[in-house]
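Commentary on secondary and tertiary structure
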Amino acid sequence: ARPEETVGTCRAIMAKLGIKCLPVLSHGRVEGLVTARDMSDYGVEAKDRGGKKNYLRDISERVGLSSNTSMAEPPTYLRAHLALEQKPLFMNVGVAEMPHPFKTGGGGCGMNARDFGPRDLTTDPDMSEDAYFVMETEMVDNNEGSGSEDEDVVVTKRPVVYMGVADGVGSWREYGVDPREFSHRLMEECENLLREATNKSRVITPSTVLANAFERVKEENIIGSSTACVGLFDSVRHQLHFSNLGDSGIIVLRHIDSNVAGALKRDRKTPRVQRKSDIRIAFVSQQQLKSFNHPFQLGWTGEDIAESDGSSFKTAADSCASSIHVRRGDIILMATDGLFDNVDIDDIAEIALEWEQRNGFIRGGDISAREKRWAAGASMTDLSCEKVTELAEMLCIKARENSLDNSVDSPFAILAKENDIMWSGGMPDDCTVIAMHIVGEPAHKSIL
């Protein structure tokens, strides 16, 4: 398009060519980019884009009711259903990791295939700057006693599952620092803290785990930085708590029956006869960025740096901490940006559906059959435990394929163009995925 073209003309060109980004040319020079988001914002009044109301609606999180809020006694027809809801849920976990395809020995990394040279793509996960941990343990229930021996209270212990991912910042190579050391040590210290607290402490929040692990890493004077996401699954209360700093994150996929779904959850774009299933994206965690491709991170240079708005170094207190109510059958994915930068969330949902259908957890997209199977006591939890790693592997493989495909813009490339950065195709990177499947019965073997 030319600078003098109207917005309507630009919109028509983009629709006809099926593109989301349109360069603006003047005398053969690129003056800028017009994106689909620009087209959308053009028709929105300023009052609908700014202000406190829209910040609260679009950005901030709901505070929620206080923990002491109660409701009246439910009617008889709801009591049986609520009794089922109060049964504990369980989690099967699978992990897959794949390094940057152009990683080289000695901690180096090629910028592209030409720089990497004519050799097989890297597959050794030990070369990845990503790190993770998954740990099943027992903690003292926060609603019971303090856990001290002096207190005359029967202490209740309950099983919990912690998990976390960290993505080391690769630019530390320029200073002779191995980016893997910081992220790997951070996750190791998270696990060490939880192991020390097992059977002794109350349930520790993810943000506390992250903060204390970070302090230990600093005490060991490990130079580097990384993004981080730590989560906690509470099987008794059906909750997933998490603390996320940077551009890693969590998504929750859930089958929602369109016949009973509310207006906000119902798919109104696709006719029902054309839908493959009723799987929905129930939750996406918020990412935190200083600017495009410059995420918030925990970091240590050997000395404390004065906090400022211009620094990307943050603390665990700056993380996005939240809680999600989970349901039986949910698929929860915790991953580093290697997944989210290369695979669109809708494509992630399709891959998860393919995995469910391949293993018989969902048949023909019909969740009513799944409900009947659960009512009959057929949980398929052992099969889920055996196969959930396949889902993590499928997602890592798809992220690797998309990262090497220069013919289709990845989510990273689309966002880059929206920030006036000329980038096409995928974004080669390390990728780590923790796939979690919520089931109604415990598996007969360890979750990992």
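This one's a predicted model, so the numbers in the text were calculated from it and none came from an experiment.

**Details of the overall build of the protein chain**
If you tally the helices and strands in the protein chain, you get 12 helices and 15 strands. In the protein chain, the proportion of contacts linking residues at least 24 apart, taken out of those at least 6 apart, comes to 73%. Of the roughly 24000 Å² of accessible surface on the protein chain, a fraction of 50% belongs to carbon and sulfur atoms.

**Focus on the packing of aromatic side chains**
Throughout the structure, instances matching the rule amount to 6 aromatic pairs. Seen from their ring centres, Phe 292 and Phe 412 are 5.1 Å apart, and the 45° between their planes marks the pair as tilted. Note that Phe 292 is positioned in the loop between β10 (289–291) and β11 (294–295) and Phe 412 in helix α12 (residues 411–418), a separation of 120 residues in sequence. Under the relative-accessibility criterion, Phe 292 is labelled buried at 18%.

**Digging into the packing of helix α6 (residues 179–197) against helix α7 (residues 206–219)**
Close contact between α6 and α7 brings their axes to 8 Å; oriented N to C, the two are set at 120°. The orientation of α6 with respect to α7, classified from their angle, is oblique. In the packing of α6 onto α7, the handedness of the crossing is right-handed. Of the residues in α7, those touching α6 at Phe 182, Arg 185, Leu 186, Glu 189, Cys 190, Asn 192, Leu 193, Leu 194 and Glu 196 are Val 209, Leu 210, Asn 212, Ala 213, Phe 214, Arg 216 and Val 217. Partitioned by chemical class, the residues of the contact of α6 with α7 number 10 nonpolar, 2 polar and 4 charged.

**A closer look at the pattern of salt bridges**
For the coordinates displayed, the defined rule picks out 19 salt bridges. For Glu 191, the salt bridge identified is with Arg 195, shortest N-O distance 3.1 Å. One end of the pair, Glu 191, and the other, Arg 195, are both in helix α6, 4 residues apart, so they sit about a helical turn from each other. On the basis of relative accessible area, Glu 191 is assigned to the partly exposed category, the value being 24%. Looking at Arg 195, the relative accessible area reads 46%, which means it is partly exposed.

**So, the side chain of Ser 403**
Relative to the helices and strands, Ser 403 is located in helix α11 (residues 381–403). A relative accessible area of 4% means that Ser 403 is categorised as buried. Here Arg 400 takes part through its backbone oxygen, which lies 2.7 Å from a polar atom of the side chain of Ser 403. If we ignore the near neighbours within four places in the chain, the residues touching Ser 403 are Pro 101, Asn 342, Gly 426, Met 427 and Pro 428.

About the thresholds
Each chain carries its own residue numbering, running from 1 in the direction its sequence is written. Owing to the predicted nature of the model, reporting of local features is limited to residues with pLDDT of at least 70; listing and counting of side-chain atom pairs is limited to 80 or more, with chain, interface and lining totals taken over all residues. Each side-chain value is worked out from all heavy atoms of the structure, with water and hydrogens disregarded. To qualify as a helix, a DSSP run of H or I must reach at least 4 residues; to qualify as a strand, a run of E must reach at least 2; elements of each kind are numbered from the N terminus. Working rule for contacts: check all heavy atoms of both residues, and any pair within 4.5 Å makes them a contact. With residues, only the protein chains shown are counted as cover, and all accessible areas are computed by Shrake-Rupley using a 1.4 Å probe. Paired rings are identified among Phe, Tyr and Trp, the last through its six-membered ring, by centres lying within 6.5 Å, and are further divided according to the angle between planes into stacked (under 30 degrees), edge-to-face (over 60) and tilted (the rest). Each residue is placed in one exposure class: buried if its accessible area under a 1.4 Å probe, protein chains only, is under 20% of its type's maximum, exposed if it is over 50%, and partly exposed if it falls in between. An axis is simply a line fitted to the C-alpha atoms; with a helix, the fit covers only the stretch in contact. Between two such axes, the angle follows the N-to-C directions and lies from 0 to 180 degrees. For this classification, under 35 degrees means roughly parallel, over 145 means roughly antiparallel, 65 to 115 means roughly perpendicular, and everything else is oblique. Handedness of a helix crossing follows the sense of rotation of the near helix relative to the far helix, less than a right angle counterclockwise being left-handed and clockwise being right-handed. Charged means Asp, Glu, Lys or Arg here, nonpolar means Ala, Val, Leu, Ile, Met, Phe, Trp, Tyr, Cys or Pro, and polar covers whatever is left, Gly included. By salt bridge we mean one thing: a side-chain nitrogen of Lys or Arg within 4 Å of a carboxyl oxygen of Asp or Glu. Any N or O atom pair separated by 3.5 Å or less is treated as a polar contact, with the protein-specific requirement of one donor-capable and one acceptor-capable atom, and with residues adjacent in sequence counted only for side-chain atom pairs.

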